[in-house]
Amino acid sequence: CKNNILINASGSLLATGGNGANGSGGGSGGIIILASKTNITNSGTISVNGASGGASVSRGGAGGGGGGGFVHLLAPTVISSGSITRAGGAAGLTTVAVTASPRFGGGAGGSCGGQGGFGADVAAGNAQSGVQNGQSGHLLTTNADPTSLF
C-alpha cells in the first residue's frame, strides 16, 4: 500500500479456522500480511486463531485443535494498541465412547503457523488418549519500507 493502513477500534481482520466435526481436526488459522510504505496502525482486532477439533463419535476419537496462523506487519512504523490473536484451537471433547466397529482415531488439526494438535488414539478397550490442542501461531513485525526489500 502506498499510504497508511489503519484498522480503527471497531475494525477487524479475521482469518480464523473452521471447527472440526465428528472427530475431524480443527482448521488452522490463516495468513494476514499487511505492508505499507508509510505506517500501519492497529486499534482494532487482527485474528488468525485455529479452530476446535470435533468431538468423538461412536466410530471415532476426538479431533485435534487447529494451529494458530501467521500475521506479518511490514512498514517503517507499526503501532498496535489493538489485539492480535493467533491462538491454537482446543482439542475435541472425548465425551462419546468409541464403541462401533470399525473405528478410527481422531483427525489431526490443521497447521499454518502453529502446529495442529494430534487427534485421539483409540485403544483396544475403546479408551481415548493423546488428543491435543493446536499450538499458537506467529507474529512478525518488520520495520522497513517493503519496496526496499525487492
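Our structure's up above, just so we're on the same page.
Calculation rules
- Residues numbered from 1 in each chain as written.
- Predicted model: local features only at pLDDT ≥ 70, side-chain atom pairs only at ≥ 80, totals over all residues.
- Heavy atoms only, no water.
- Helix = DSSP H or I, 4+ residues; strand = E, 2+ residues; numbered from the N terminus.
- Rg over C-alpha atoms; globule rule 2.2 N^0.38 Å.
- Buried < 20%, exposed > 50% of the residue type's maximum accessible area, 1.4 Å probe, protein only.
- Contact = heavy atoms within 4.5 Å.
- Areas by Shrake-Rupley, 256 points an atom, 1.4 Å probe, with all protein chains shown as cover.
- Pairing = 2+ DSSP bridges.
- Axes fitted to C-alpha atoms, helices over the stretch in contact; angles between N-to-C directions.
- Core = buried A, V, L, I, M, F, W, Y, C linked by side-chain atoms within 4.5 Å.

Draft legend 1. Structural view of the overall build of the protein chain. When helices and strands are tallied, the protein chain shows 0 helices and 11 strands. The linear arrangement of helices and strands in the protein chain, starting from the amino end, is β-β-β-β-β-β-β-β-β-β-β. Here the protein chain has a C-alpha radius of gyration of 19 Å; the compact-globule value for 150 residues is 15 Å, and the former is much larger. Along the first, second and third principal axes, the C-alpha set of the protein chain runs to 60 × 30 × 15 Å. Counting the 150 residues in the protein chain, one finds 39% classified as buried. Long-range contacts, defined here as pairs at least 24 residues apart, represent 76% of the contacts in the protein chain between residues at least 6 apart. Split by element, the accessible area of the protein chain, about 7,200 Å² in all, is 52% carbon and sulfur.

Draft legend 2. Region of the structure containing the sheet that holds strand S8 (residues 83-85). Taken in spatial order, the 3 strands of this open sheet run S2-S5-S8, and their pairing is parallel. The strands lining the two open edges of the sheet, one partner per strand, are strand S2 (12-14) and S8. Within this sheet the neighbouring strands show an average axis-to-axis angle of 5°, counted without direction. In the sheet, S2 pairs with strand S5 (residues 45-47) via 3 bridges, with the strands oriented parallel. Directly across from serine 12, in S5, lies its bridge partner threonine 45.

Draft legend 3. Inspection of the pairing of strand S6 (residues 70-74) at higher detail. Most of S6 sits out of view: 4 of its 5 residues are buried. Bridge count between strand S3 (residues 31-35) and S6: 5 bridges; the pairing is parallel. Looking at the pairing, isoleucine 33 lines up with histidine 72 of S6. One ladder, built from 5 bridges, connects S6 with strand S11 (residues 138-142); its direction is parallel. When the sheet's bridge partners are listed, valine 71 is paired in S11 with leucine 139.

Draft legend 4. Spotlight on the nonpolar core. Grouped together as the largest cluster of nonpolar side chains are 11 residues: Ile5, Ile7, Ile32, Leu34, Ile40, Ile46, Val48, Val71, Leu73, Ala75 and Ile84. Every element with two or more residues in this core is listed here: strand S1 (5-7), S3 and S6. Apart from residues no more than four positions distant in its own chain, isoleucine 46 is found in contact with Ile7, Leu13, Ile32, Leu34, Val71, Leu73, Ser83, Ile84 and Thr85.

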